[in-house]
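The lines below spell out each chain.
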Amino acid sequence: MYLPKLEQFHKYKEMDEGVLGIFETPEAIMHAAEKAKEKDYKGFDCILPYPVHGIDEAMGTPRSGLPWVTFFAGIFGCTIGILFQYLTHAHDWPLNISGKSLNAWFAYVPIIFELTVFSAGIYTVAALCFLSGIPKATRRILHPDLTSHRFGLWIPKSAKGYNESEVVSFVKGLGGAEVTVVKPENQK
Amino acid sequence: MSLAQAVRDKLDIPDLVTGGKSLKDVTVDIAKPNEDFPTKLWWNTFLLVLTITLIDVAIIGYLFYEGLYLLGINNPVGWGFFVVNFVFWIGIGHAGTLISAVLFLFRQGWRTGINRAAEAMTIFAVLVAASNLILHVGRPWLGFWLFPYPNERGPLWVNFRSPLIWDTFAVSTYLSISMVFWYLGLIPDLATLRDRATETWRKNLYNVLSFGWVGSARSWSHLEIVSMILAALSTPLVLSVHTIVSFDFAVSILPGWHTTIFPPYFVAGAIFSGFAMVVTLMVIAREVFNLKNYITMKHLDNMNKIMMVTGLIVGLAYGTEFFIAWYSGNEYEVFAFWNRAFGPYGWAYFIMISCNVLSPQVFWFRKLRYNIPVMFVASLVVNVGMWFERFVIMMTLNRDFLPSSWAMYTPTLFDYAMLIGTFGIFFTLFLLWCRIMPVIAIAEVKTVMPQKEGAHH
C-alpha cells in the first residue's frame, strides 16, 4: 500500500549562509545536482528559472506529497457538503414541498461537488504556500539572473561536512561560472 | 542539432517559440510591455474603456436608486439582459480554464503561449458575469442572502435544492479556483519581473506580488504537482459550472428549456465563445506587444480548429433541439421552437445560426485559418452570435402557456448601457492587467523551447 512519507513534504529552507554556484545551461545544473547528491550535501538546493525536468531525480528529492492533502481535503469538503445540507433541510428547517422527501439528496449533488473541489483546491494551495515558505516579502534575492536564464546550485552551511574552501572548489570544478560565498553579514 | 530537433524538422512540426530565441530573450521580450512606458495606443484604448466603465458605474448607481423598472423586463419576460450577459460572460470564461487545465492534462505544449492571457480573461469574464448576477436581483445589497450563514431569524436557511443557490456555489468556487490557479502560475513570473526591476517602487511592488518566490527546485517540484492537481480539479469544474448554469433553465418546466441537452449544449457553446474571445484578444496582443514569436500562427491555427469543431457541435445542438421537439410529439415544445425561429424574435435566431454555425466553417480552409483578418472577424462574429444564442434562449419566455399573457420584450437604453458596460469593465481590467503582469507565462514557455533539447547549444 502506498502511504505518505514525511520526506515527501520537503520544505524550502532559507538561503542565509552557504555557497552559491551559477551555471549557464539546464544540462550543467543537472550534472551539478547529481554530483552534489553523490557528495551527500544534505539540504542542498537548485535555483531554477523554470521547472527543469528530471532535476528531482538528479537531486534525489522525492515526489511531492501534496496530492495527499488534496485527497483528504476533498473528503473533508464532501462530508461538510453532505452533512450541512442534510442537517439544514431535514432537521433544522424542514420544509414539506409537495410531499417530496425532506432529505432529497439528489438535489444536494451540485453543492457537494462544488464544496469538494473548493476545499481540495484551497487546502492544497495553502499547503504549497506553507512548504514553499511563501508569502514572505523580505526574502533576500541571491542573484537576479536566477529567475531569468541562469541556474543556481546552493549548498548551505548546515550541510554535512561543509567546508567553505572545499565546497567552493567543488562547485568551481563542476564548471560554475560564478561562485559566491553568501554570509549573513554581507546581506543587504 | 539534437536528434529530437531532427525528428521535429523531418516531421515538419513547427517550433512553439520561433526566431531562435535564447532563455534571456524570452524574459526580455515578454517583460518589455510591463517595463516600458505605455504606448499612445494603449492609453487611448484604456481611456476609452475606462470612460465606458465609469459611465456604466454611474448608470448602475442610478438603476439602484430608481429600481429595475428602468429596464425592459416585464411579465412574462422577467429575465432580460442581465441574465443574457451573465450566461454570455461566464461562457467566455470557460476557454481560459480549458486551455490552461484540459490542454495541460493532455500535455499540449502549445498551450503555454496563450494560457496566461486566457486565464486572466477567465477571471475578468467571471467577475463581470458575477456582477451581472448580483445586479439582476434588484436589491444587490441583500445579495449575501444567497449564502448560507447563521442568522438571527431562527432556523432559516437557503434552499439548497434551488438552482439559484447552485449557481452561487458554482460561480464562487469557479472564480476562486481559477484565481488561485492563475495567480500560482504568475508567482514565478512576477519574481522574474521583480529581479529585473531597476526602480525601487517597481521592485517593492513586484516583491510583494511575487510573494518572495526564489525558484528553489523543491518549491518548483511542489508547484508542478499543485498545477497538475488544480488542472485536474478545474476540468470537471468547467463542465459543472456551465452545466449548473444550464440547470437554471433545464430544471424549470418550461417548453424549450426543460431538456436534457442543455448541459452539454451550454458547455459546448461556452467553449466556442471562449475560444473566439481568446482569438480576438491574442490577435490584438501579438500585434500590440510584438509577441509574434510566442503566439505563432500554429497557436492561432489550433484555436481556429477548436472554434470550428465547437461551432459544429452547437450547430448539432440546435438541430437536435428542433428534432426532439418534433419527435416528442409535445405540441408546446414544437410551438416553442417554431416560435424561436419564425416568431417575433426570428431575426435573432437567424443571426445566431449564421454567426455560430455558418461563419466558423471558413476554417475548413487552411489558407483562411492562417489569415489574421479572417480569423479576427470570424471571432468577433462568433461572439456576437453567442450573445444572441443566450438572448434567443431567454426570449423563449415571451410566449408562454397562456396567449393572454404573451408580451414582447423591448430592451431600454439602460439594458444596452449595461451590455456595453460589461465590455468596458472587462477590457479595463484586461488592459490594466497587461501593463502589470506578463501576458505570456515566462517560465512555462521556457519549458517548451527548442533549447531544452540542446538545439541551440
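Within an unreviewed UniProt entry, the label attached to chain B reads Hydrogenase, and the organism entered is Leptospira perdikensis. Its UniProt record, at the heading Sequence similarities (unreviewed entry), says of chain B: "Belongs to the NrfD family." Regarding chain B, the UniProt comment filed under Subcellular location (unreviewed entry) reads as follows: "Cell membrane".

Naming follows an unreviewed UniProt entry, where chain A appears as DUF3341 domain-containing protein of Leptospira perdikensis.

Draft legend 1. Structural detail: the UniProt feature "transmembrane region" (unreviewed entry) in chain A. Residue and element names in this part refer to chain A. What UniProt calls "transmembrane region" (unreviewed entry) maps, in this numbering, to residues 68–87 and 107–131. With 100% helix and 0% strand, the stretch residues 68–87 has end C-alpha atoms that lie 28 Å from each other. Secondary structure across residues 107–131 comprises 92% helix and 0% strand; the distance between its end C-alpha atoms is 38 Å.

Draft legend 2. Here's a closer look at the pattern of salt bridges. Going through the model one piece at a time under the given rule, you end up with 16 salt bridges over all chains. Notably, a salt bridge pairs Glu14 of chain A with Lys136 of chain A, separated by 3.6 Å at the nearest N-O pair. Of this pair, Glu14 of chain A sits in the segment before β1 (18–23) while Lys136 of chain A sits in the loop between α4 (109–132) and β3 (151–156), and the two are 122 residues apart along the sequence. Overall, Glu14 of chain A belongs to the partly exposed group, its relative accessible area being 33%. The class of Lys136 of chain A is partly exposed, set by a relative accessible area of 32%. Among the salt bridges present, the one from Asp45 of chain A reaches Arg218 of chain B, with a minimum N-O distance of 3.6 Å.

Draft legend 3. Structural context of the sheet that holds strand β4 (residues 178–182) of chain A. Residues and elements named next belong to chain A. Taken in spatial order, the four strands line up as β2-β3-β1-β4 in an open sheet, and their pairing is antiparallel. In the strand order of this sheet, the two ends are held by β2 (45–47) and β4, each with one partner. Within this sheet the neighbouring strands show an average axis-to-axis angle of 20 degrees, counted without direction. Across six bridges, the pairing between β1 and β3 is antiparallel. Each bridged residue has a counterpart across the sheet, and for Phe23 the counterpart in β3 is Phe151. Relative to the sheet, helix α1 (residues 26–39) contacts β1, β2 and β3, its axis offset from that of β3 by approximately 20 degrees.

Draft legend 4. A look at the interface of chain B and chain A. Facing the 57 residues of chain B at the interface are 67 residues of chain A. Summed over both sides, the interface between chain B and chain A buries roughly 5,500 Å², with carbon and sulfur atoms accounting for 69% of that surface. Summed over the three residues of chain B that lose the most area to chain A, namely Arg161, Arg218 and His222 of chain B, the buried surface amounts to 16% of that side. Taken together, the links from chain B to chain A amount to one salt bridge. Between the two partners, chain B and chain A, sit 19 residue pairs in polar contact (both at pLDDT 80 or more). Mapped by element, the contributors of at least two residues to the side of chain B that touches chain A are α2 (23–35), α6 (163–196), α8 (217–250) and α16 (442–447) of chain B. Ranked by the residues each element gives to the side of chain B that touches chain A, the list is headed by α8 of chain B, at 18 residues. Of the residues belonging to the side of chain B that touches chain A, the class tally is 32 nonpolar, 17 polar and eight charged.

Draft legend 5. Region of interest: the pairing of β3 of chain A. Residue and element names in this part refer to chain A. Burial of β3 is extensive: six of the six residues sit out of reach of the surface. Every second residue of β3 is oriented toward a common face, with Phe151, Leu153 and Ile155 on one face and Gly152, Trp154 and Pro156 on the other, all of them buried. Bridge count between β2 and β3: three bridges; the pairing is antiparallel. Along β3, the bridge assignment pairs Cys46 with Leu153.

Draft legend 6. Looking closely at the packing of aromatic side chains. If you walk through the whole model with that rule in mind, you get 58 aromatic pairs over all chains. A centroid spacing of 6.0 Å and a plane angle of 80 degrees characterise the contact between Tyr50 of chain A and Phe151 of chain A, whose relative ring orientation is edge-to-face. Here Tyr50 of chain A is found in the loop between β2 and α2 (55–59), whereas its partner Phe151 of chain A is found in strand β3, with 101 residues between them in sequence. For Tyr50 of chain A, a relative accessible area of 3% translates into the label buried. With a centroid separation of 5.1 Å and 85 degrees between ring planes, the pair formed by Phe426 of chain B and Phe427 of chain B is classed as edge-to-face.

So, how was this worked out
Here the residue numbering is sequential within each chain, running from 1 through the sequence in written order. Lettering of chains starts at A and numbering of ligands starts at 1, both following the order in which they are written. Two thresholds apply to this predicted model, a pLDDT of at least 70 for residue-level local features and 80 or more for giving and counting side-chain atom pairs, whereas whole-chain, interface and lining totals are computed over all residues. Note: side-chain values were computed over all heavy atoms of the structure, leaving out hydrogens and water. UniProt positions are given in the numbering used here, feature names are shortened, and annotations may be inferred rather than shown by experiment. Under the DSSP-based scheme used, a helix requires at least four consecutive residues in state H or I and a strand at least two consecutive residues in state E, with every element numbered from the N terminus. Here, a salt bridge means any Lys or Arg side-chain nitrogen found within 4 Å of an Asp or Glu carboxyl oxygen. Partly exposed describes any residue whose relative accessible area lies between the buried limit of under 20% and the exposed limit of over 50%, with all areas from a 1.4 Å probe on protein chains only and scaled to the type maximum. In this scheme, strands are said to pair when DSSP sees at least two bridges between them. Axes here mean lines fitted to C-alpha atoms, for a helix over just the part in contact, with angles spanning 0 to 180 degrees between N-to-C directions. A contact between two residues is defined here by any heavy atoms of the two lying within 4.5 Å. Once two parts are joined, some of their accessible surface, as seen by a 1.4 Å probe, is lost; buried area is that loss totalled over both. Here a polar contact is recorded for every N or O atom pair within 3.5 Å, except that within protein the pair must consist of a potential hydrogen donor and a potential acceptor, and residues adjacent in sequence are included only if both atoms are side-chain atoms. Lys, Arg, Asp and Glu make up the charged group, whereas Ala, Val, Leu, Ile, Met, Phe, Trp, Tyr, Cys and Pro make up the nonpolar group; the residues left over, Gly among them, are polar. Under the pairing criterion, centres of Phe, Tyr and Trp rings, with the six-membered ring standing for Trp, must be within 6.5 Å; the plane angle then separates stacked pairs below 30 degrees from edge-to-face pairs above 60, leaving the rest tilted.

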